[in-house]
2 protein chains.
Amino acid sequence: MKYSGQARLLVAVDCIIFGFDGDNFKILLIQRGFAPEKKKWSLMGGFIQPEESLEIAANRILKKLTGLEGVYMEQLQAFSNPDRDPVERTIAVAYFALIDIQKYQKQLSTDYHAEWFLLDKMPKLILDHNPMVEIAKNRLRYKAALHPLLFELLPEKFTIPQLQALYEGLYSTTFDKRNFSRKLLSTGLLIRQKEKDKENSRKGAFYFKLDKLKYSDNFDAFLKFIPNPDKFIS
Amino acid sequence: MKYSGQARLLVAVDCIIFGFDGDNFKILLIQRGFAPEKKKWSLMGGFIQPEESLEIAANRILKKLTGLEGVYMEQLQAFSNPDRDPVERTIAVAYFALIDIQKYQKQLSTDYHAEWFLLDKMPKLILDHNPMVEIAKNRLRYKAALHPLLFELLPEKFTIPQLQALYEGLYSTTFDKRNFSRKLLSTGLLIRQKEKDKENSRKGAFYFKLDKLKYSDNFDAFLKFIPNPDKFIS
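Undergrad: Explanation requested: the sheet that holds strand S8 (residues 158-159) of chain B in the structure shown.
TA: For sheets, the rule is that strands pair by backbone hydrogen bonds, running either parallel or antiparallel. Residues and elements named next belong to chain B. The strand order across the open sheet formed by three strands is S8-S10-S9, and the pairing between neighbours is antiparallel. Every interior strand has two partners, whereas the edge strands, S8 and strand S9 (190-197), have only one. Where S8 meets strand S10 (residues 205-210), two bridges bridge the pair, whose relative direction is antiparallel. The residue of S10 that forms the bridge with Phe158 is Phe208.

Undergrad: Is there a simple way to explain the pattern of salt bridges in this structure?
TA: A side chain of one charge can pair with a side chain of the opposite charge if their charged atoms are brought near each other. All names here are of chain B. Applying the stated criterion to the full structure yields 21 salt bridges over all chains. The partner of Asp128 in a salt bridge is Arg84, and the shortest N-O contact between them spans 2.7 Å. With Asp128 in the loop between strand S7 (115-118) and helix H3 (129-146) and Arg84 in the loop between strand S5 (74-79) and strand S6 (90-100), this pair connects stretches of sequence that are 44 residues apart. The class for Arg84 is buried, based on a relative accessible area of 8%.

Undergrad: How should I be thinking about the sheet that holds strand S10 (residues 205-210) of chain A in this particular structure?
TA: Residue and element names in this part refer to chain A. Strand order across the open sheet formed by three strands is S8-S10-S9, with antiparallel pairing between neighbours. Bordering the open sheet on either side are strand S8 (158-159) and strand S9 (190-197), each of which pairs with just one other strand. Examined bridge by bridge, S9 and S10 share five bridges and lie antiparallel to one another. Looking across to S10, one finds that Lys196 is bridged to Phe206.

Undergrad: Just checking my understanding: could you explain the packing of helix H4 (residues 160-171) of chain B against helix H5 (residues 177-186) of chain B for this structure?
TA: All names here are of chain B. Taken N-terminus to C-terminus, the directions of H4 and H5 make an angle of 105°; their axes are 11 Å apart at the nearest point. Relative to H5, the element H4 is oriented roughly perpendicular. Along its contact with H4, which presents Ile160, Leu163, Gln164 and Tyr167, the element H5 presents Lys177, Phe180, Ser181, Leu184 and Leu185. Among the residues forming the contact of H4 with H5, the class breakdown is six nonpolar, two polar and one charged.

Undergrad: Whenever I open this one, the packing of aromatic side chains confuses me. Can you help?
TA: Geometry of an aromatic ring pair is reported as the spacing of the ring centres plus the angle between the planes. Taken as a whole and judged by the stated rule, the model has twelve aromatic pairs over all chains. The interplanar angle of 50° and the centroid separation of 5.5 Å between the aromatic rings of Phe20 of chain B and Phe25 of chain B together place this pair among those described as tilted. No difference in accessibility class separates Phe20 of chain B from Phe25 of chain B, as the two residues are buried. One aromatic cluster in this structure is built from Tyr167, Tyr171, Phe175 and Phe180 of chain A. In this structure, Arg192 of chain A packs its charged tip against the face of Phe206 of chain A, placed 4.0 Å from the ring centre.

Conventions adopted
Residues numbered from 1 in each chain as written. Chains lettered and ligands numbered in written order. Predicted model: local features only at pLDDT ≥ 70, side-chain atom pairs only at ≥ 80, totals over all residues. Heavy atoms only, no water. Pairing = 2+ DSSP bridges. Helix = DSSP H or I, 4+ residues; strand = E, 2+ residues; numbered from the N terminus. Salt bridge = Lys/Arg side-chain N within 4 Å of Asp/Glu carboxyl O. Buried < 20%, exposed > 50% of the residue type's maximum accessible area, 1.4 Å probe, protein only. Axes fitted to C-alpha atoms, helices over the stretch in contact; angles between N-to-C directions. Parallel < 35°, antiparallel > 145°, perpendicular 65-115°, else oblique. Contact = heavy atoms within 4.5 Å. Nonpolar A, V, L, I, M, F, W, Y, C, P; charged D, E, K, R; others polar. Phe/Tyr/Trp six-rings, centres within 6.5 Å; stacked < 30°, edge-to-face > 60°. Lys NZ or Arg CZ within 6 Å of the ring centre and 35° of its normal.

This is the structure we're talking about:
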C-alpha cells in the first residue's frame, strides 16, 4: 500500500565534523566528487537509501567519504529551501560532531582526500553548506556553555592555557588571561596536579584534572563561566 | 536534469502546539482524518508539496487542520525510522510552538475539532507522535531555562503564583512557594507594582512586571533560577 497523490523527494544527509587538535578548532571538508560543482569544497554528503534511518545514512556517508567510523553525530536540522540544489529538489538533514583530531587521525587515511581547515579560514562551500556550518557552530557554542563537552576534547590532564585556547577557538574571541584563570579556578571544579607542563612556557603551567563528580553536581558554577551564551550566537 | 539512481521518499511535517491558558499547560491535538488509524488522536500533520519549504508546509498544514495562523513554529528534528509509518516509508520533520491559548482562541474555530488536552493527561497518539511530544517538551524545558520565553505567555502584569504555575506545568514538578518567590525576587528582574490581584486569594498577590532591559543584561541571574535544566530532561 502507498499514500496516493503525494510528491516524493530526494533526501540527503550532510555531515559537519568539527575537531580540536590541542591548539586549534578545525572543520573537516572534502572536494565534491560529482557534478554540479565537482571539485569544490563541501561537507560530507549523500542521499539516504530506502532502508536507512538518517543516522545510519550519516554514518555510512561519513565513513565512505573520510574513513571515519564510530563518530557520534547529533542531528542539527533539516534544510528545505526548494531551490537549495540546482539539479533537483533535495531536502538535506545536517548532522554535526565535535571530535578530538588526534584520536581519529589514523582512521582518516590519506585515501580519502578529506582535509582539516581552520574554522576561521574555511573556503567557500557548495550549495547552502556555509550557512549549515554557521548554524552548527552556534548550536555547539550553546551546548558548550551548558555541557562539559569541551572537556571531552582535552587530555585527562590539561593546562589552563590549553583550556583557554579551546574556548577562544569555539567562541572566536579572546579572554583576559588572568580573569579566565581566576573565574575557572573559582568554580572549584578543577583539581590542580603536582606536575607542570614546561614545554610551552619558561615558567611552566600546572596541569589540572576535572572533578567530574563535582562537575555534574555543580553544573551552575560552570554556567556562570559563560554567563551569556546568547551573546556569541548570531 | 535529475540525480539518477536515487530513492525518493515521502516527507511529512508534524506540528506540536503547546499552550498555556493562565493556569495549565496544554497540547493541541486532532483526530486523524484518514486511514490508517482514522479518528485516533494525532498531531497536526501532512505531506510537504514539491514547491514548499518545510516551514511553509508546517504553516499550511496547521492552518488547514486547526484554523491557526501566524504561529511561530520552530523546527524540532526529523524522525526517520524506516518503519515509523506502516503504509509507506515517510520521513517526518516535527515543528513546535508554545502559544498563549487566550490569544489564539478566536482563530481556533469549532469547525476544526482540534482540542486542547492537559499535557499530563494526553491520550495515546498515532505512530511515533508520543515520543515526538516528549522530545519537544524536553527542548522547551531546556529553552525555558535559558530564555525568557515563558514570560511571553503571561500578561504584562502577573503574580508570582501565576509564574509558579507556569514553571510547575512545564517542568511537571512542584516548587516550594517561599523558595520560589525568594529566588525569583533575588534576581532583581521583577518590578513590583502597586496593585494586588485579589481574585485568587484573600490576602491577595502583588502584581509584577518583568524588567526587560535588565533581563537581557542579567541573563545569568535567571540561569541560576533553573540551575540544572538537565535534571528535568529525560
